[in-house]
Amino acid sequence: MKIGVPTETADGEKRVALVPDAAAELIEDGHEVVVAAGAGEGATFSDDDYEAVGCEVLADREAVFEAADIVFQVQALGSVGEDVDPYTDGQVVVGLLGPYDVADEQLETLADRSVSAFSLELIPRISRAQSMDALSSQASLGGYQATLMAAEELPKMFPMEMTAAGTIRPAKVLVIGAGVAGLKAISTAERLGSDTKGHDVRLEVKQEVESLGADFVELDLPTEGSGDEEGYAVEMGEEFYAAQREQMEQVVPEADVLITTAAIPGRPAPEIVTSGMVEAMDEGSVVVDLAAATGGNCEPTAAGETVTHDGVTVHGPTNLPSQVSRTASQQFANNVTNFLENLLVEGELDFDFEDEIIDSTLLTHDGTVRAP
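Sequence order as written defines the numbering, with residues in each chain counted from 1. Totals for whole chains, interfaces and linings use all residues, but because this is a predicted model, local features are given only for residues with pLDDT of at least 70 and pairs of side-chain atoms are given and counted only at 80 or more. Only hydrogens and water are removed before side-chain values are computed, so all heavy atoms of the structure are retained for them.

Asks: How should the nonpolar core be read in this particular structure?
Replies: Nine residue types can take part in a nonpolar core, namely buried Ala, Val, Leu, Ile, Met, Phe, Trp, Tyr and Cys, and a core is a set of them joined through side-chain atoms within 4.5 Å. Each residue gets one of three labels from its accessible area relative to the maximum for its type: buried under 20%, exposed over 50%, partly exposed in between, using a 1.4 Å probe on protein chains only. Ranked by size, the top nonpolar core spans 43 residues in total, and within it L18, V33, F72, V94, L120 and F339 carry the most contacts. Strands here mean DSSP runs of E at least two residues long; helices mean DSSP runs of H or I at least four residues long; both are numbered from the N terminus. At the level of secondary structure, the elements contributing two or more residues to this core comprise β1 (2–5), α1 (20–28), β2 (32–36), α3 (61–67), β4 (70–75), β5 (92–96), α10 (325–343) and α11 (356–361). For this core, the element with the highest residue contribution is α10, accounting for six residues. Core analysis: the next-biggest nonpolar cluster, separate from the first, contains 24 residues, L174, F240, V251 and M277 among them.

Pasting the structure below:
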């Protein structure tokens, strides 16, 4: 197959869908790889790096779409807006396609061109798919980066130290949401030496939080049914969230750093932290709301912005993995190449709808919108 890697177009996106090392493996397997000039620059990969492993670098981004059988993209369709790239008839697209935000018109355009579009956000949580789970690989990096952002901003050290000038007390970090991003934020805060606590409505993650060295904050809430069979949190009623917020009023103000990661696939993020809770935090405290892109877990959060609310810095980042673009690109490249390996049989595309991975992620195929 001929695999194409266009330049990313999302604002501030520094990642690239395929790194030279991964491209080299594909070429060794008999595939061809074409890359748009400058596609890897944001992730510190030069055109020479790609040419050195056997890729063809094309000067024109559109030429990549014209040449490729399969297109790898980090962000496309719903994740970048209303634009539809110049996909050609029968082309295969693999990437983060923003399935919950994609417009019907975009899907119809893909169907009209007989494009087979695979959205990696819809990868099922099964052991066989873990190596393809781009959402998790990128969320982990987001949790790591969120903790570093908070540590840099906070006017306190994270670790406790005994010095001749006196004891330095550790910073108190509270992480709300113990999914992939939350657990990485917790482990990073622990490694930095903070007094770390984690909270999640799914009590089954308590052991994971405690295994990282953090304390689990358990609230008096009816948590039955708070997670689906794949382990994702599900949307609860307003009565539940009201009770959660009431009890959080006793927990949030104690934190020097608050990192929130609570998200529900395809739904707005639950608002867990009110403005009043943030106002009760000490001046100089830091909030990093990783759910900002879908509305935020904190009332003062503004997506893509940093605001100061009553002396507390509130970050609303929407693409933290891009800040560690080289590592994020390496992880993403591994995800998409593993996905491709699952999609090919003896070097040929095999749309096996009995395969849960293929069936779950395929939005359009053979002129049909499969997942409206």
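Asks: What should I look at first to understand the packing of aromatic side chains in this one?
Replies: Two descriptors summarise a pair of aromatic rings, namely the distance from one centre to the other and the angle between the planes of the rings. Pairs were defined over the aromatic rings of Phe, Tyr and Trp, the Trp ring being its six-membered one, requiring ring centres within 6.5 Å. Orientation was assigned from the angle between planes: stacked under 30 degrees, edge-to-face over 60, tilted for the rest. Tallied over the entire structure, the rule returns three aromatic pairs. Look at F118 and F351: their rings are 6.1 Å apart centre to centre, the planes differ by 5°, and that puts the pair in the stacked class. Of this pair, F118 sits in strand β6 (residues 116–119) while F351 sits in the loop between β17 (348–349) and α11, and the two are 233 residues apart along the sequence. Assessed through its relative accessible area of 0%, F118 is described here as buried. You can call F351 partly exposed: its relative accessible area is 23%. One aromatic cluster is present, built from ring pairs that chain together F118, F339 and F351.

Asks: What is the right way to look at unusual backbone geometry in this model?
Replies: Residues apart from glycine generally show negative phi values, whereas peptide bonds are mostly found in trans. At S114, a position not held by glycine, the phi torsion is positive, near 55°. Here the phi dihedral of D310 falls at roughly 50°; this positive angle occurs in a residue that is not glycine. Relative to the elements of secondary structure, D310 occurs in the loop between β14 (306–309) and β15 (312–315). Overall, D310 belongs to the exposed group, its relative accessible area being 53%.

Asks: Please clarify how the pairing of β6 should be interpreted in this entry.
Replies: Along any regular strand, the residues point their side chains to alternate faces of the sheet. Burial along β6 is two-sided: the face carrying S116 and F118 and the face carrying A117 and S119 are both buried. Here four bridges tie β5 to β6, and the two strands are oriented parallel to one another. Bridge pairing in β6 places G95 opposite S119. Once the chain exits β5 it traverses helix α4 (residues 104–112) before rejoining the sheet at β6, and the crossover so formed is right-handed. Judged from the two bridges that link them, β6 and strand β18 (residues 362–365) form a sheet pairing that is antiparallel. Bridged to A117 within β18 is T364. The pairing criterion for strands is at least two bridges between them, as found by DSSP. Handedness rule for crossovers: strands pointing away from the viewer, path from the first strand over the helix to the second running clockwise, crossover right-handed.

Asks: How should the side chain of H31 be read in this particular structure?
Replies: Tracing the chain through its elements places H31 in the loop between α1 and β2. Of the residues examined, H31 reaches a relative accessible area of 12% and is grouped as buried. Here a polar contact is recorded for every N or O atom pair within 3.5 Å, except that within protein the pair must consist of a potential hydrogen donor and a potential acceptor, and residues adjacent in sequence are included only if both atoms are side-chain atoms. From its side chain, H31 meets the backbone nitrogen of M1 in a polar contact 3.2 Å long.

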